Amino acid sequence: MADAVDYDQLIPNNVGLADDAKLRRALEAWHPGYIDWWMDMGPDGFQEAEVWLRTAVSVEKSGWAKFAFVRMPEYRWGILLAPRHEGRTIPCGEHLGEPAWQEVPGEYRALLRRLIVIQGDTEPASVEQQRFLGNTAPSLYDMRNLFQVNVEEGRHLWAMVYLLQKYFGRDGREEAAGLLERRSGDDDRPRMLGAFNEETPDWLSFFMFTFFTDRDGKMQLEALAQSGFDPLSRTCRFMLTEEAHHMFVGDTGVGRIVRRTAEAMRDAGIEDPHDTDAVRALGVIDFPTIQRKMNLHFSLTLDLFGSEQSTNAATAFNAGVKGRFREADIDDDHTLHDSTYPLLEHVDDGFEKVEVPALKALNARLRDDFVDDCAGGLRRWNRDIAAAGIEFELKLPHIAFNRQIGEFADVDVTPDGGIVDEATWETERAGWLPTSDDRAFIEDLMQPLHEAGKFASWIAPPRKGIAQKPIDYEYVRLPY
Ligand code: BYC
């Protein structure tokens, strides 16, 4: 059974905060700094707008959220854990089958803290990256989705801060403060992982980010949901419920851009997808530009999985602190001491699958699961291109393309997986990654459209509205 959510408190929660004065004080002390951060770094120019937002009010599968108009600074960011599974055991590693921990085991304290801090750091980072996008929203529907994603990333930060403050004492409080001090892209105090210091300058980037990078979030949360540390597992399980909407936003967002371009080309009788000037003149985004954006966001996201072979990952799995994607559904011994995994490696002039100890290849395995998970979106998008009679296929680039971390960081690889010298890569990169010309075109294209039911020229309307509301509902009531 889930504990009921207490909404009478300053911080809504189902973790019994009313009876834990020390923790309550710590969280209430952190709260004003959080609000300051949200006002400084949250959605720019829209803090007074009333937004049709969902708020989690329960952790039961049915009816866990309610919708209402809310000003974002007044959003009820709560601490919600999924229901406890009685008798849950550690699903992997050397403690396999032992009862899940309700407290942090001393020997794994540093390891757990590091994972929680890294996870926590990504949440505010994404809000910072997206803070100017409201100004160029292609519709009120999209603007509302952006803000929904933003407030929920804020809630995910609360989720990690709860774990730090409840279970890690003074260190935890210091880490919680640090999460509000680092800034995406800041030279002196950057966010911890590479992709979270990149810009999200426009809506195509936003949709690519929510499709790819939020999907890394899903994979990592699934792996942390397997943790033998039960409070972390329960926290991540509930975060995954919210995360699904973020990927829906990405999947349908890219899909609607693709559909609009395909339909506009068909209606104008343009068959050549590489006739960029003609396609752009229709007020839509040409497919090669969409492909270049995809190449960028996919490769940046692959870096988030860490090195393909990692002793950190092996240690976390062996300790039972982080599992694999859907660990319980995997049919093996869940300790992996005698198993191998086929890992793609760079050899002289190409790539080769090499069997390596499975324990060390856990990051690569999770990355491979991620790549499989991306396939559905691409299939749907390509179907719409084909339906318009246009010969173009969006493709995920090779996993070694444009990598900064791990096995492929030192090799120059084309999106098709060809190995080239550095000079060739530099000359050709404009065909593979977004250029300043792409950026200028997109910036010019993305003028705001803030009238209910209207959509910018470059994106098709969604197939339906949010929570039974019509597409032309006024999802955001602007204060001007
Ligand atoms: N950038 O053995 P290695 C999300 C560091 S997204 C910079 O290769 P490991 C979200 C690494 O920290 C999910 N540094 O990797 C999405 C280590 O440094 P130290 C976020 C990097 O440790 C959208 C060193 O390189 N959650 O939720 O096996 C919106 C060697 O490490 C990077 C998590 O990631 C990088 N890309 O794995 C909002 C889960 N990669 O410690 C939210 C928690 C590696 O030697 N984190 N390094 O100084 C983890 O499970 C692991 O730490 C990692 C890395 C997967 C990140």
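Everything that follows concerns the structure shown earlier in this document.
Because the structure is a prediction, the values reported are computed rather than measured. All chains use their own residue numbering, which begins from 1 and follows the written sequence. Selection of residues for local features in this predicted model requires a pLDDT of at least 70, selection of side-chain atom pairs for listing and counting requires 80 or more, and totals for whole chains, interfaces and linings are taken over all residues. In computing side-chain values, all of the structure's heavy atoms are included and hydrogens and water are not.

(A) How the structure looks around the overall build of the protein chain. When you go through the protein chain residue by residue, the secondary structure sums to 12 helices and five strands. Put simply, the radius of gyration uses C-alpha atoms, and a globule should come to 2.2 Å times the residue count raised to 0.38. What you see for the protein chain is a C-alpha radius of gyration of 23 Å, in line with the 23 Å of a compact globule of 480 residues. In terms of overall dimensions, the protein chain has a C-alpha envelope of 65 × 60 × 40 Å along the principal axes. Counting only residues that meet the buried cut, the protein chain has 57% of its 480 residues in that class. In short, Shrake-Rupley with a 1.4 Å probe defines the accessible areas, and a residue's cover is counted only from the protein chains shown. In the structure as shown, the protein chain presents an accessible area of about 19900 Å², 46% of it carried by carbon and sulfur atoms. The secondary structure listing takes helices from DSSP runs of H or I that are at least 4 residues long and strands from runs of E that are at least 2 residues long, numbered from the N terminus. Remark: exposure states derive from per-residue accessible area (1.4 Å probe, protein chains only) relative to the maximum for the residue type, with buried under 20%, exposed over 50%, and partly exposed in between.

(B) Representation of the packing of helix H3 (residues 140-167) against helix H4 (residues 169-179) within the structure. Relative orientation of the contacting elements H3 and H4 amounts to 155°, with a least axis distance of 6 Å. When the axis of H3 is compared with that of H4, the two are roughly antiparallel. Contact with H3, carried on its side by Leu 157, Val 161, Leu 164, Gln 165 and Tyr 167, involves Gly 169, Gly 172, Arg 173, Glu 175, Ala 176 and Leu 179 of H4 and no other residues of that element. Within the contact of H3 with H4, the residues separate by chemical class into six nonpolar, three polar and two charged. Inter-axis angles, ranging from 0 to 180 degrees, are taken between N-to-C directions of lines fitted to C-alpha atoms, where helices are fitted over the stretch in contact. When an angle is under 35 degrees it counts as roughly parallel; over 145 it counts as roughly antiparallel; between 65 and 115 it counts as roughly perpendicular; any other value is oblique. Contacts: residue pairs with any heavy atoms within 4.5 Å of one another. Under the grouping applied here, Gly and all other residues not named as nonpolar or charged are polar, the nonpolar ones being Ala, Val, Leu, Ile, Met, Phe, Trp, Tyr, Cys and Pro and the charged ones Asp, Glu, Lys and Arg.

(C) Highlighting the environment of Asn 14. Here Asn 14 lies in the segment before helix H1 (21-41). Remark: the alpha-carbon pair of Asn 14 and Val 59, spanning 45 residues in sequence, is separated by 8.7 Å. Throughout this description, a polar contact denotes any pair of N or O atoms lying within 3.5 Å of each other; where both atoms belong to protein, one of them has to be capable of donating a hydrogen while the other can accept it, and for residues adjacent in sequence the pair is counted only when both atoms sit in side chains. Side-chain polar atoms of Asn 14 contact the backbone oxygen of Leu 81, separated by 2.9 Å.

(D) Region of the structure containing the site of the ligand. To be near a molecule or strand, a residue needs just one of its heavy atoms within 4 Å of it. Around the ligand sit 29 residues in total, of which Gln 119, Ser 307, Ser 310, Lys 322 and Asn 363 are the nearest. Here Asn 312 contributes a side-chain N or O atom positioned 3.0 Å from an oxygen atom of the ligand. When the ligand sits alone it has 1000 Å² of accessible area, and the protein chains cover 79% of it. Those elements that place two or more of their residues in the shell around the ligand are helix H2 (109-129), helix H5 (203-225) and helix H9 (311-319). Class assignment of the residues belonging to the shell around the ligand gives a composition of 10 nonpolar, 12 polar and seven charged.

(E) View of the pairing of strand E4 (residues 350-357). Both strand E3 (residues 340-347) and E4 contribute to a ladder of eight bridges, which runs antiparallel. Counted as the bridge partner of His 346 is Phe 351 from E4. DSSP calls a pair of strands paired once it identifies at least 2 bridges connecting them. Where E3 folds back onto E4 in an antiparallel hairpin, the turn is made up of two residues.

(F) Just the pattern of salt bridges, in detail. Salt bridges are defined as contacts in which a side-chain nitrogen from Lys or Arg sits within 4 Å of a carboxyl oxygen from Asp or Glu. Taken as a whole, this structure holds 37 salt bridges when the rule is applied. For the salt bridge of Glu 152 with Arg 54, the shortest nitrogen-to-oxygen distance reads 2.7 Å. Of this pair, Glu 152 sits in helix H3 while Arg 54 sits in strand E1 (residues 50-56); the two residues are 98 residues apart in sequence, bridging distant segments of the chain. With relative accessibility at 1%, the residue Glu 152 sits in the buried group. Residue Arg 54 is classed as buried on the basis of its relative accessible area of 10%. Salt-bridge contacts for Lys 218 lead to Asp 373; the nearest nitrogen and oxygen are separated by 2.9 Å. Within this pair, whereas Lys 218 is found in helix H5, its partner Asp 373 is found in helix H10 (residues 362-387), the two being separated by 155 residues in sequence.

(G) Here's a closer look at a negative patch on the surface. Like-charged residues are merged into a patch within 9 Å and nonpolar side chains (Val, Leu, Ile, Met, Phe, Trp, Tyr) within 5 Å, provided each residue has over 30% relative accessible area and no salt bridge. This count recognises Lys and Arg as positive and Asp and Glu as negative, with His and chain-terminal groups excluded. For the purpose of locating charges, the reference atoms are NZ of Lys, CZ of Arg, CG of Asp and CD of Glu. On the surface, Glu 271, Asp 272, Asp 275, Asp 277 and Glu 391 cluster together to form a negatively charged patch. Note on placement: Asp 272 falls in the loop between helix H6 (230-268) and helix H7 (276-280).

(H) Structural context of the sheet that holds E1. Pairing within the open sheet is antiparallel, and its three strands lie in the order E2-E1-E5. Looking along the sheet, the strands with just one partner apiece sit at the ends: strand E2 (65-71) and strand E5 (476-477). Of the pairings in the sheet, the one linking E1 to E5 comprises two bridges and is antiparallel in character. Bridging from a neighbouring strand, Glu 50 pairs with Arg 477 of E5. Contacting E1, E2 and E5, H3 crosses the sheet at an angle of about 40° to E1.

(I) Structural detail: H4. Taken together, the buried positions of H4 are occupied by Gly 172, Glu 175, Ala 176, Gly 178 and Leu 179. Down the axis, H4 shows its buried residues gathered within 160° of arc, on one side only. Opposite the buried face of H4, at more than 90 degrees from it, the exposed residues are Arg 170 and Glu 174. Contacts from the buried residues of H4 go to H1, H2 and H3. Working note: the arc is built from the helix axis to C-beta atom directions.

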